[in-house]
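Spelled out from the first residue to the last, the chains are:
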Amino acid sequence: MTSDLVAAARAGDRGALAKLLSTVERGGREAHEVGRATYPLAGDGYTIGLTGAPGAGKSTLTSAVVAAVRARGERIAVLAIDPSSPYTGGAILGDRVRMGEHALDEGVFIRSMATRGHLGGLALATPEAVRVLDVAGFPWVLIETVGVGQVEVEVAGAADTTVVVVNPGWGDRVQANKAGLMEIADVFVINKADRPGADTTRRDLESMLDLTGSGDDGWRPPVVSAVSTTGQGAGELWDAVLAHRAHLETSGTLALRREQRVRDELALIVEKRLRARVDRMLGEAGRRQLEDDVVAGRLDPWSAADRVLEEPKN
Ligand SMILES: Nc1nc2c(ncn2[C@@H]2O[C@H](COP(=O)(O)OP(=O)(O)OP(=O)(O)O)[C@@H](O)[C@H]2O)c(=O)[nH]1
Ligand SMILES: [Mg+2]
């Protein structure tokens, strides 16, 4: 029973928590049950998205941040989302090594989620998973994703604070991605600051920020330097996240962002269900027939859509 699992997860049963997350990840009817059970129980869990190019040091940084948060006595969960990986339901091998130091800590929960190439799947499963973790007593949830365009943006959409990780020597890349990065970054981290070029990258970022100024909400993203392999900079990063949270709370932006997120989530759920209903109504053959008619020019797409949405006559 879903409610039994939720009660167990709330009582600290990590197996039950893992089961709930697997259900959410699979989607479908059972996932909806989990959503129904957790939504009324969810509290004020805060989500941090951490994104950046492959190999930027996101997992190493995440592990260092987790250590910093634990040193302050707070519980934190990590969702590592891999948009391309077929792996699911556990830790990606490399991450098990990089975050392994926290494996025995009851105040930490680390979990990978695969999206099976389905971007919309991520958009639906992520907020559900965050709610499950919140209900299970993790007030902080950090979501790590490899930054690849759309996924990056989806993660930023799901997070309260988005951290963008870059590396020294990324002047050109920073320039190339300027618009996208500025749009989503609440905090920048120059990780691998032990490597040459960190100062130049900082200058590039700061001058970019000078040009764009603060966003609509009056927040200028701070730039933090880190050497994740030693833990250097992790505490400073966490302070920047706390400062951003305080800013969002006092400006009222946090409430607005969350409200918009719930509205978007509802719209997405309705959209997905409608699409499923249409598929059921038409059947595979029916859909192909309609598509073929449009492709062959026997039917225009608007009339085809009308036909799809026709109320069944019975
Ligand atoms: N020199 C140096 N190396 C680092 C630092 N942080 C991470 N690395 C190394 O960079 C490599 C990639 O680190 P990960 O933490 O796996 O990077 P990631 O961004 O999570 O990688 P993906 O999840 O595969 O995209 C590893 O070999 C780390 O040891 C750092 O601050 N300095
Ligand atoms: Mg990683």
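Enquirer: Sorry if this is basic, but what is going on with the site of ligand 1 here?
Expert: If you check the shell around ligand 1, you find 18 residues, and the closest are Gly57, Lys58, Ser59, Thr60 and Ser228. Mapped onto the shell around ligand 1, the elements with two or more residues apiece are helix 4 (58–71) and helix 5 (93–98). If you tally residues by element for the shell around ligand 1, the top one is helix 4, at 3 residues. A class-by-class count of the residues in the shell around ligand 1 yields 4 nonpolar, 9 polar and 5 charged.

Enquirer: What is the right way to look at the packing of helix 2 (residues 14–26) against helix 3 (residues 29–38) in this model?
Expert: Two numbers describe a pair of packed helices, the interaxial angle and the distance between the axes. The N-to-C vectors of helix 2 and helix 3 enclose an angle of 125°; their axes lie 7 Å apart at closest approach. Of the possible angle classes, the one that applies to helix 2 and helix 3 is oblique. Once helix 2 is placed against helix 3, the crossing between them reads as left-handed. Touching Leu20, Thr23, Val24 and Arg26 of helix 2 are Glu30, Ala31 and Val34, all from helix 3. Within the contact of helix 2 with helix 3, the residues separate by chemical class into 4 nonpolar, 1 polar and 2 charged.

Enquirer: Looking at this structure, I do not really get the pairing of strand 5 (residues 161–166). What am I missing?
Expert: Side-chain positions along a regular strand alternate between the two faces of the sheet. The buried count for strand 5 comes to 6 of 6 residues, which makes it a mostly enclosed element. Neither face of strand 5 is left uncovered, since the one carrying Thr161, Val163 and Val165 and the one carrying Thr162, Val164 and Val166 both have all their residues buried. When strand 1 (residues 46–52) meets strand 5, the two strands line up parallel, connected through 5 bridges. Looking at strand 5, one finds that Gly49 is bridged to Thr162. Pairing between strand 5 and strand 6 (residues 187–191): 4 bridges, direction parallel.

Enquirer: Where do I start with the nonpolar core in this structure?
Expert: Within soluble globular proteins, side chains that are nonpolar generally end up buried alongside one another. Formed by 67 residues in total, the largest nonpolar core has its most connected members in Phe188, Val189 and Leu237. In contact with Val189, other than residues within four places in its own chain, are Leu61, Val163, Val165, Val224, Ala226 and Leu237.

Enquirer: Honestly, the confidence of the model for the protein in this entry has me stumped. Any pointers?
Expert: For residues with low pLDDT, the predicted coordinates do not support detailed interpretation. For the protein, the average pLDDT comes to 85, and 83% of its residues sit at 70 or higher. Below pLDDT 50 for its whole length, residues 86–91 participates in 12 contacts with residues either more than four positions away or in separate chains.

Reading guide: rules and limits
- Residues numbered from 1 in each chain as written.
- Chains lettered and ligands numbered in written order.
- Predicted model: local features only at pLDDT ≥ 70, side-chain atom pairs only at ≥ 80, totals over all residues.
- Near = placed C-beta within 6 Å.
- Helix = DSSP H or I, 4+ residues; strand = E, 2+ residues; numbered from the N terminus.
- Nonpolar A, V, L, I, M, F, W, Y, C, P; charged D, E, K, R; others polar.
- Axes fitted to C-alpha atoms, helices over the stretch in contact; angles between N-to-C directions.
- Parallel < 35°, antiparallel > 145°, perpendicular 65-115°, else oblique.
- Left-handed = near helix turned anticlockwise from the far one by under 90°.
- Contact = placed C-beta atoms within 7 Å.
- Buried ≥ 20, exposed ≤ 12 C-beta atoms within 10 Å, placed from the backbone.
- Pairing = 2+ DSSP bridges.
- Core = buried A, V, L, I, M, F, W, Y, C linked by C-beta atoms within 7 Å.
- pLDDT = per-residue confidence, 0-100.

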